[in-house]
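# Analysis of the macromolecular model
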Amino acid sequence: MLLFLARRVPLSFVHRVTTSSPLSPPTPVLLNTAQIHFRAITCSIVRAAGQHTGTMPERRPFVRLPTDVYPVNYGLCLKPDLIDFTFEGKLEALVEVTQATTQIVMNCADIDIITASFAPQGGEEINATGFNYQNEDEKVTLSFPSALQKGSGTLKIDFVGELNDKMKGFYRSKYTTAAGEVRYAAVTQFEATDARRAFPCWDEPAIKATFDITLIVPKDRVALSNMNVSDRKPYPDDENLVEVKFGTTPIMSTYLVAFVIGEYDYVESQSSDGVTVRVYTPVGKAEQGMFALEVATKTLPFYKDYFSVPYPLPKIDLIAIADFAAGAMENWGLVTYRETALLIDPKNSCSSSRQWVALVVGHELAHQWFGNLVTMEWWTHLWLNEGFASWIEYLCVDHCFPEYDIWTQFVSADYTRALDLDALDSSHPIEVNVGHPSEVDEIFDAISYSKGASVIRMLHHYIGDEDFRKGMNAYLLKFQHKNASTEDLWDCLEQASGKPIAAVMGSWTKQMGFPIIVVDQEQHGDDCILKISQKKFCASGPHNGEDCPSWMVPISICTSQDPKCTKLKVLLDRPETTITLSGVTPDQWIKINPGTVGFYRIQYSSSMLASLLPGIRDLSLQPVDRLGLQNDLFSLSRAGMISTVEVLKLMEAFVNEPNYTVWSDLSCNLGVLSSLLSHTDFHEEIQEFIRDLFTPIGLELGWDSKPGEGHLDALLRGLVLGKLGKAGHKPTLEEARQRFKDHVEGKQVLPADLRSPVYLTVLKHGDSATLDTMLKLHKQADMQEEKNRIERVLGAISAPDLIQKVLTFALSEEVRPQDTVSVIGGVAGSSKQGRRAAWKFVKDNWEELYNRYQGGFLISRLIKLTVDGFAIDKMAVEVKSFFESHPAPAAERTVQQCCENILLNAAWLKRDADDIQQYLLQRKAPPV
């Protein structure tokens, strides 16, 4: 499953709170009173969340299903009613009884069982005499009057359920026909634990079985499932219905089962290895599936070749679902997507959307092997599924679209994001023991995805591609159609590479956090002596406790002699070490972690740092290393280890920067700083700093694309113009207003890549007429991408009454339920007033919002986007107490992380605000 975690680094208005970065000497840091006060509050707020172990908050005990009865094959027939939103179901499961029992315990939620019986092979049918629902645990116990004996048998259950509107289980998805009629499709989303809402089952990933699925549906609707249609015939009881049977699936987990009933068009192709690929789109939009079809047909053979294992099913369908909570879901053979993660309109889709679709398709298709063919034994190993797919999606896109420079973007989109979250005391290890279903939702986060992907990237680099592929192939062959744990993968990679994989990786997956590597050098003739040490990096400053954890850290080193080539590799397996580099003259700089692959922050001595800085101005450092250096320094400033002024000085050195991703990361960090300083009376000064920094590149790029420009130029232009427009750069604002006027009047349609920056700019400096025009454009938009583009920027409007109008709009019928979150988040991320208004709005409408998203990760996302930007101690207390009286179990850790971030922001502001103000004022003062 790919979550919609804003992994694209979009225009700066999408708020990212960083746990941030480095500059200046590793001087001893004296804790001032603000920091001491901060730590005291943190302890009370982060409370017993297992502060340094990252364990889940205390919950009641949870027991997995008993093993005395298990399924071999599910014969499942479902008949959904698309008018009354109910469904009838018949289950005939072939089961194996391993020891005599008078009861069968299964998972079941929001389903009413009408009858149940068990027939032993060749024996008399026994009717169940009782159904005991344990609603809290989402289980049902079927009781039988006499013992079911050891051996095979058939379990029959007739049941009914509701096609819910919660975007989980078997649910309804609203769409509008070309004639304007509102209709509903019936669709599924079962990961993690919602197959039990569609049929009673053993809903645990390790309890695999085969499935024979039959759907009884209106004859004018498309019906899809994991396998091909094997038979389609009229339904005897109603001439308007048909009975559609699908082929038997391979042995698989329940969370990967899927069915869709609705109205769709499709485009079709065959991959070079003979797999039929279809992309299903809303009716009349088949051509919008062509881009994803092209990516999918290239991707399947790439993975087949990479894993040396063929795709195991005869077909794969990719389908766009109107109401969809995640980004996409890897159901075996029937992958479901948000419309914006699958559909590309050649005229109206922007470059970042194409890239997003390519990444999401790459992610979900990787799961067809890694997750579906070999499945994690329990949710504790979820990270293996998601971290791996989040890494290999980039490998796949790099193969299909080398011009995207996608690995540099990985560092900004995933790697730094994971570092930020993992520096918090309320982070958690990659591997988390989870029990109850409500706990599973909580680990679908940036640690499982982005940190998981980052440590796999580091591992791949440490092992080398050839041995990595060899180990992956051994793993897939050994565990195909079975279940595996993290240790099983380490064993296979260890055998393939001969390196101590389990020992190295255990330090990264079983404990939370990561190290900061402190480096100093001494020159001895042509030899350079490096002193390298590690300690845990914390967002609130260096870890000074007694029990400081340590990591097995693969460290690479390069020099200015050849910035692209690693001069030395070592494995730092102790707190500190000394390394001699021979043949390095004093005039050469030395860079640790070239390629920014190792998952750690670096703090150089002041002299080493000073020698690296010219490499930013003259571009002799690689783009990814220029980005990494800046991001590390920004992080150290937030942690109070260096002054933020040092980072601002460094940022000014990027004036010649040509690389999109480097600018994108700078833009994000300046967005964080701008948000922080919105709590001061010199917010305008940081806007002036942003305008000064971005004006030269803005002038160079101009507004219109030039011949020979590519994907990254388009992304850079959108980023820079959006940044300048938002910061109030007058020429940009005037041009944006003119182009917006021409666009609205139909004189000159805005190119898709310019729409976000123009919409953002005119709204930020707009009035009620601007907002009305934008809402009208939203209503007229036929494409979900355009609607989302508008929804994400509406929050930029400044007037308090208009902010309220946008918030009310967020909960209206005009906005799809999964998109409400980004409208409210856009308001919170755009200004101090917006943040306050959004928080009040969430509190006032909590019941409706919570009911809408229930336990899902969208509630966590909503909370994070709304409150993460506050910077006053008392707000942390307010947020904490609100969620104590309005519990959201699936977002418990998110609430802790937000409270911690608020306190970090407040401490940062107290510590550095005066120095920042002084610096911003004196840089404009005339020389004396």
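Residues numbered from 1 in each chain as written. Predicted model: local features only at pLDDT ≥ 70, side-chain atom pairs only at ≥ 80, totals over all residues. Heavy atoms only, no water.

Let's shift gears to the pairing of strand β16 (residues 265–270). Relative to strand β17 (residues 276–281), β16 is paired through six bridges, and the arrangement is antiparallel. What sits directly across from D265, in β17, is T281. (Pairing = 2+ DSSP bridges. Helix = DSSP H or I, 4+ residues; strand = E, 2+ residues; numbered from the N terminus.)

What follows covers helix α24 (residues 832–844). Compared with an ideal rise of 1.5 Å per residue, which puts 13 residues at 18 Å, α24 spans 19 Å between its outermost C-alpha atoms and is within 8% of the ideal. Among the residues of α24, G834, R835, A837, A838, W839, F841 and V842 are the ones counted as buried. Turning to α24, the residues buried within the fold contact α15 (660–677), α22 (800–810), α23 (820–828), α25 (846–853), α26 (857–867) and α27 (873–885). (Expected span 1.5 Å × (residues − 1). Buried < 20%, exposed > 50% of the residue type's maximum accessible area, 1.4 Å probe, protein only. Contact = heavy atoms within 4.5 Å.)

On to the pairing of strand β10 (residues 182–189). One ladder, built from eight bridges, connects strand β9 (residues 169–176) with β10; its direction is antiparallel. Within β10, the residue paired with F170 across the bridge is T188. Following β9, the chain reverses through five residues before pairing antiparallel with β10; G180 in that reversal takes a positive phi of roughly 90°.

A few words on the sheet that holds strand β29 (residues 601–604). Hydrogen bonds between backbone atoms are what pair the strands of a sheet, whose relative direction is either parallel or antiparallel. The four strands are arranged β27-β24-β23-β29 in an open sheet whose pairing can be described as mixed. Looking along the sheet, the strands with just one partner apiece sit at the ends: β27 (576–582) and β29. Each strand axis lies, on average, 25° off the axis of its neighbour in the sheet, ignoring direction. Sitting on the sheet, helix α13 (residues 623–638) is in contact with β23 (515–524) and β29, with an inclination near 85° to β29. (Axes fitted to C-alpha atoms, helices over the stretch in contact; angles between N-to-C directions.)

A separate point is the pattern of salt bridges. Where side chains of opposite charge bring their charged atoms close, a pairing between them can arise. For the coordinates displayed, the defined rule picks out 52 salt bridges. Between R221 and D220 there is a salt bridge, with the nearest N and O atoms lying 3.1 Å from each other. In this structure, R816 and E339 form a salt bridge, with 3.6 Å as the shortest nitrogen-oxygen distance. Taken together, the residues R816 in the loop between α22 and α23 and E339 in the loop between β20 (334–338) and α3 (351–367) connect sequence positions 477 residues apart. R816 gets classed as buried once you look at its relative accessible area, which sits at 18%. By sharing partners, the salt bridges in this structure join D110, E138, D194, R196, R197 and D203 into a single network. (Salt bridge = Lys/Arg side-chain N within 4 Å of Asp/Glu carboxyl O.)

Closest axis-to-axis distance for the α23/α25 pair is 12 Å, and the angle between their directions is 135°. Taken together, the axis directions place α23 and α25 in an arrangement best described as oblique. Contact residues: T820, V821 and I824 in α23; L849, R852 and Y853 in α25. Tallied by class, the residues present in the contact of α23 with α25 amount to four nonpolar, one polar and one charged. (Parallel < 35°, antiparallel > 145°, perpendicular 65-115°, else oblique. Nonpolar A, V, L, I, M, F, W, Y, C, P; charged D, E, K, R; others polar.)

Turning our attention to the packing of aromatic side chains. Following the criterion strictly, the structure yields 47 aromatic pairs and no others. Considering the side-chain rings of F307 and F388, the 6.1 Å spacing of their centres and the 35° angle between planes classify their relative orientation as tilted. Placement of F307 in helix α2 (residues 290–307) and of F388 in helix α4 (residues 382–400) is noted, with a sequence separation of 81 residues between them. Each member of the pair, F307 as well as F388, is classed as buried. Both rings, one in W663 and one in F694, keep their centres 4.7 Å apart while their planes meet at 50°; by these two values the pair is tilted. Residue W663 is located in helix α15, and its partner F694 is located in helix α16 (residues 683–701); the two are separated by 31 residues in the primary sequence. When sorted by exposure, W663 lands in the same class as F694, which is buried. A cation over an aromatic ring shows up here: K139 above the ring of F62, its NZ or CZ 5.4 Å from the ring centre. (Phe/Tyr/Trp six-rings, centres within 6.5 Å; stacked < 30°, edge-to-face > 60°. Lys NZ or Arg CZ within 6 Å of the ring centre and 35° of its normal.)

Relative to the helices and strands, R417 resides in helix α5 (residues 406–422). Summary of buried charges: R417 has no salt-bridge partner, and the nearest side chain of opposite charge, D414, is 4.9 Å away. Side-chain polar atoms of R417 contact the side chain of S450, separated by 2.9 Å. (Lys, Arg positive; Asp, Glu negative; His and termini not counted. Polar contact = N/O pair within 3.5 Å; in protein donor to acceptor, adjacent residues only side chain to side chain.)

Ordered by their spatial adjacency, three strands build an open sheet running β3-β7-β6, and the pairing between neighbours is antiparallel. With partners counted over all chains shown, the strands left at the sheet margins are β3 (101–107) and β6 (130–134), one partner each. Sheet twist, expressed as the mean angle between neighbouring strand axes with direction ignored, is 25°.

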